[in-house]
Amino acid sequence: MISSCIHRGKIRAFRLCCPRYLSAVPTAQELDQPLKNSPVPEDGVAAHVQKLNQILQSCARNGDAIEGKACHAQVIHLGLHSDTLTANILVNMYSKCGLLDYARKVFDGMPHRSLVSWNTMIGTLARVGEDQEALTLFIQMLRRGKEGAHAPFSEFTLSSVLCACAAKCALLECKQLHAFSVKAMMDENVFVATALLDLYAKCGLINDANSIFESMRDRSEVTWSSMIAGYVRNEMYEEALVLFQRGQVIGLEHNQFSISAIICACAGLAALIEGNQVHAILWKAGFGSNIFIASSLIDMYAKCGSIREAYIVFLGVEEKNTVLMNSIISGFAKHARPTEAMVLYEKMQQMGMYPNEVTFVCVLNACSHVGSVQKGRKYFDLMIKEYNLSPNVLHYACMVDILGRAGLVNEAYDLIAQMPFDATSSMWGSLLSSCRNHGNLDLAVVAASKLFEIEPENAGNHVLLSNVYAANKKWAEVARVRKFLKDSEAKKEKGRSWIEIKDKVHSFMVGERNHPRIADIYDKLDRMMEEMERMGYRAETEHDLHDVDSGRKQELLKHHSEKLALAFGLMCSSPNAPLRIMKNLRICVDCHSFMKLASSITGREIIVRDTNRFHHFTDGSCSCGDFW
DNA sequence: CGGGCGGGTG
């Protein structure tokens, strides 16, 4: 940083004492016809050319297109435009200044192109997203190379072309280029290897990416952050954390890119302990005020169940943008705090920020929590009429959810029928849940059959439908679905809950036996049950089918994974901290009322995250706005 | 004179 400032200082000083370069704005005539008697300075042509090139390079660094053009005129005056070195610098200058057409014109007009000329042009095209053109030029380059002027390509070419392929996720080309690099013995170059690694990760071949990473002898900062980001992109969050840790151990300084990726990993795992540690690390490293990192921190805290922490991070950011606002609004929406979400939406207008389509997904999500059809419709209209945004599938999914939860299942169905998209499984799933909760058997069957078409392997859908039959006392149908589930290959994901206590994650399954303190946990749970039953709690077992034999059903229901996690949390956590329980499936009716009562008799705040939504239980009630 | 990494959404 400092050295580049000093360098720039030198150039400025040079400019001030050489005004003739600045005044030489070329006219069309001049560009066509180089002057016969151009002034050649006394210290010789060579020195003059060198100075011109230096200025052009400084123009490239500073993005100064006007002065760059002036120098271009000088180049033409001096008849230097066929000089390969100067023309290369010109191509680079124009492309760094964003004048792609000028760069291409100079490139096309060059009588002799060197390897660098091709590399610069291909690199530019790849950088600005002209992927196809970059690849076309690469092929041209290979053909010309065969004529023997220079080696067909270099490490520089490869990394640029790989970058172009990455944008297209062109796996076949990637593999060809990998073979190319091995043949040319360029696969050990850190730039080429990192670009290959990144491309494999982007195409989902994370194992290939990792084997490149492991085989590299020297890895740069970029190599590390590409690998970490690759894991995160492929939802391999634990692997990302392990790699991050490995970097820490060898004393690697993590940069803003690896930090933001790793926060995403923590968010994806709902890992608050690790998230807190990363927060400390990034604060020490001085990334605390980076808006990208702040946005992902907010999201991470919200997804870990810590909306207060998320809000504190939000308040600490001075210059807010739309994305940052979206993060906090989405957090409040997930945590069933629609008022806060809507107030923040209003704040955006006051601060002169424009909401985007993501903002409206978040706000509509908040409406579905509060169960306000009226507000939902209001925002849906607002985004179309006031902000000229066209609703996408997610907005329609929110509306289907809002209408369904409010009991307007037929209207939700009509919306699905008339929207300009194919219905997604999440829409039918939402509609099916709503039909179950509002007892609409006919529509439930319709929604379920659509779901079975889209996700035949997901047994959860069949369980959901059988619960609708159970709620309507259609026992023959319940039995039929159960038999189908037994015979078919479809598998229901096993319910699992986990809780973080004192730097450790404790995970539980239904009827868990393996936890070291399992006896104490069942004991604690039994005592809570007794107290609750005295208060009138009855385990709700009729409406939920859990694909187990009915003899064990009653017993197993007592031992739902989230209840075990809760009992353990009550035994081991510090007395006033909120209990944060994570669950991989939707919380059931029985557990929901159990948690309400538990919050009442223990006086503790209980937070349960099910499918990306949070239920805050305090004093015997829940914030979620669902009717149970 | 040229090259590889980035944040938010049911």
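Residues numbered from 1 in each chain as written. Chains lettered and ligands numbered in written order. Predicted model: local features only at pLDDT ≥ 70, side-chain atom pairs only at ≥ 80, totals over all residues. Heavy atoms only, no water.

- An unreviewed UniProt entry annotates chain A as Pentatricopeptide repeat-containing protein At5g04780, mitochondrial isoform X1 originating from Punica granatum.
- What UniProt records for chain A under Sequence similarities (unreviewed entry) is the sentence "Belongs to the PPR family. PCMP-H subfamily." (UniProt positions renumbered as here; feature names shortened; annotations may be inferred.)

### Some remarks on the overall build of chain A
- Helix and strand counts for chain A come out as 33 helices and 6 strands.
- Looking at chain A as a whole, 49% of its 628 residues are labelled buried.
- In chain A, of all internal contacts separated by at least 6 residues, the share reaching a separation of at least 24 is 64%.
- Carbon and sulfur atoms form 53% of the exposed surface of chain A, whose accessible area is close to 31000 Å². (Helix = DSSP H or I, 4+ residues; strand = E, 2+ residues; numbered from the N terminus. Buried < 20%, exposed > 50% of the residue type's maximum accessible area, 1.4 Å probe, protein only. Contact = heavy atoms within 4.5 Å. Areas by Shrake-Rupley, 256 points an atom, 1.4 Å probe, with all protein chains shown as cover.)

### Overview of the packing of aromatic side chains
- Scanning the model with the defined rule gives 17 aromatic pairs in all.
- A centroid spacing of 5.3 Å and a plane angle of 85° characterise the contact between F107 and W118, whose relative ring orientation is edge-to-face. Taken together, the residues span a long stretch of sequence, with F107 in helix 7 (residues 100–108) and W118 in helix 8 (residues 115–127) at a distance of 11 residues.
- Owing to a relative accessible area of 2%, F107 belongs among the buried residues under this scheme.
- Relative accessible area serves as the criterion here: at 3%, W118 is assigned to the buried category.
- A centroid spacing of 5.7 Å and a plane angle of 65° characterise the contact between Y345 and F360, whose relative ring orientation is edge-to-face. Here Y345 is found in helix 21 (residues 338–350), whereas its partner F360 is found in helix 22 (residues 357–370), with 15 residues between them in sequence. Across this residue pair, the class does not change: Y345 and F360 are buried. (Phe/Tyr/Trp six-rings, centres within 6.5 Å; stacked < 30°, edge-to-face > 60°.)

### Concerning the protein's contact with DNA strand B
- Taken together, 45 residues sit near DNA strand B, with N119, S220, N326, L394 and S426 positioned nearest.
- Among atoms of DNA strand B positioned within 4 Å of the protein, sugar and phosphate together represent 34%.
- Interatomic distance of 3.5 Å between a side-chain N/O atom of S295 and a base nitrogen of DNA strand B.
- N365 is positioned with one of its side-chain polar atoms (N or O) 2.9 Å from a sugar or linking oxygen of DNA strand B.
- For the surface near DNA strand B, a count of residues per class yields 14 nonpolar, 23 polar and 8 charged. (Near = heavy atom within 4 Å. Polar contact = N/O pair within 3.5 Å; in protein donor to acceptor, adjacent residues only side chain to side chain. Nonpolar A, V, L, I, M, F, W, Y, C, P; charged D, E, K, R; others polar.)

### Comments concerning the state of the cysteines
- Here the structure, examined in full by the defined rule, presents 0 disulfides.
- Sulfur of C266: no disulfide; nearest cysteine sulfur belongs to C304 and is 7.0 Å away.
- On the basis of relative accessible area, C304 is assigned to the buried category, the value being 1%. (Disulfide = S-S within 2.5 Å.)

### Points about the pairing of strand 2 (residues 504–509)
- Both strand 1 (residues 496–501) and strand 2 contribute to a ladder of 6 bridges, which runs antiparallel. Its bridge partner lying in strand 2, I501 is registered against K504.
- Linkage of strand 1 to strand 2, two consecutive antiparallel strands, is achieved through a turn of 2 residues, within which K502 is found at a positive phi near 45°. (Pairing = 2+ DSSP bridges.)

### Observations regarding the UniProt feature "repeat: PPR" (unreviewed entry) in chain A
- In the UniProt entry, the feature "repeat: PPR" (unreviewed entry) is given for residues 83–113, 114–148, 220–254 and 321–355.
- Across residues 83–113, the secondary structure splits into 71% helix and 0% strand, with the terminal C-alpha atoms separated by 10 Å.
- Helix makes up 74% of residues 220–254 and strand 0%, whereas the separation of the span's terminal C-alpha atoms amounts to 11 Å.

### Here's the deal with the environment of I259
- Among the structural elements, I259 can be located in helix 16 (residues 256–269).
- For I259, a relative accessible area of 0% translates into the label buried.
- What I259 contacts, discounting residues up to four positions off in sequence, is F244, H254, V278, I281, L282, F287 and I293.

### Side note on helix 21
- Its 13 residues place the ends of helix 21 19 Å apart at the C-alpha level, agreeing with the 18 Å of an ideal helix rising 1.5 Å per residue.
- Among all positions in helix 21, only P338, A341, M342, L344, Y345 and M348 are buried. Angular distribution of buried residues about the axis of helix 21 spans 160°; they occupy a single face of the element. Turned more than 90 degrees off the buried face of helix 21, the exposed positions are T339 and Q350.
- Along its buried surface, helix 21 packs onto helix 19 (307–315), helix 20 (322–334), helix 22 and helix 23 (373–385).
- Positive backbone phi, approximately 75°, marks G352, located one or two places after helix 21. (Expected span 1.5 Å × (residues − 1). Arc of directions from axis to C-beta.)

### Remarks on the sheet that holds strand 6 (residues 621–622)
- Strand order in the open sheet formed by 6 strands is 2-1-3-4-5-6, and the pairing between neighbours is mixed. The sheet terminates laterally at strand 2 and strand 6, the two strands that pair on one side only.
- Seen against the sheet, helix 32 (residues 561–572) touches strand 1, strand 2, strand 3 (579–583) and strand 4 (606–609) and runs at an angle of roughly 15° to strand 1. (Axes fitted to C-alpha atoms, helices over the stretch in contact; angles between N-to-C directions.)

### Thoughts on the environment of I581
- The topology assignment puts I581 in strand 3.
- When sequence neighbours within four positions are dropped, the list of residues in contact with I581 reads S497, W498, I499, E562, A565, L566, M595, I606, I607, V608 and R609.

### So, the nonpolar core
- Judged by nonpolar contacts, the single largest core of 148 residues is most densely connected at I329 and L431.
- For this core, the leading source of residues is helix 12 (residues 190–202), giving 8 residues.
- What I329 contacts, discounting residues up to four positions off in sequence, is A341, L344, Y345, M348, T359, C362 and V363. (Core = buried A, V, L, I, M, F, W, Y, C linked by side-chain atoms within 4.5 Å.)

### A short note on the pattern of salt bridges
- Under the counting rule described, the total for this entry stands at 16 salt bridges.
- Through salt bridges with shared partners, one network takes in R104, D108 and E133. (Salt bridge = Lys/Arg side-chain N within 4 Å of Asp/Glu carboxyl O.)

### Things to note about helix 33 (residues 589–602)
- Taking 1.5 Å of rise per residue, 14 residues should cover 20 Å, and helix 33 covers 20 Å from first to last C-alpha, within 8% of that figure.
- Taken together, the buried positions of helix 33 are occupied by V589, D590, C591, H592, F594, M595, L597, A598 and S599.
- Just downstream of helix 33, G603 is the residue with a positive phi angle, here 70°.

### Here's the deal with the packing of helix 22 against helix 23
- The N-to-C vectors of helix 22 and helix 23 enclose an angle of 165°; their axes lie 9 Å apart at closest approach. The orientation of helix 22 with respect to helix 23, classified from their angle, is roughly antiparallel. For the pair helix 22 and helix 23, the crossing hand works out as left-handed. Within the contact between the two elements, helix 22 uses F360, V363, L364 and C367 and helix 23 uses K375, G376, Y379, F380 and M383.
- Here the residues of the contact of helix 22 with helix 23 are counted per class, giving 7 nonpolar, 1 polar and 1 charged. (Parallel < 35°, antiparallel > 145°, perpendicular 65-115°, else oblique. Left-handed = near helix turned anticlockwise from the far one by under 90°.)

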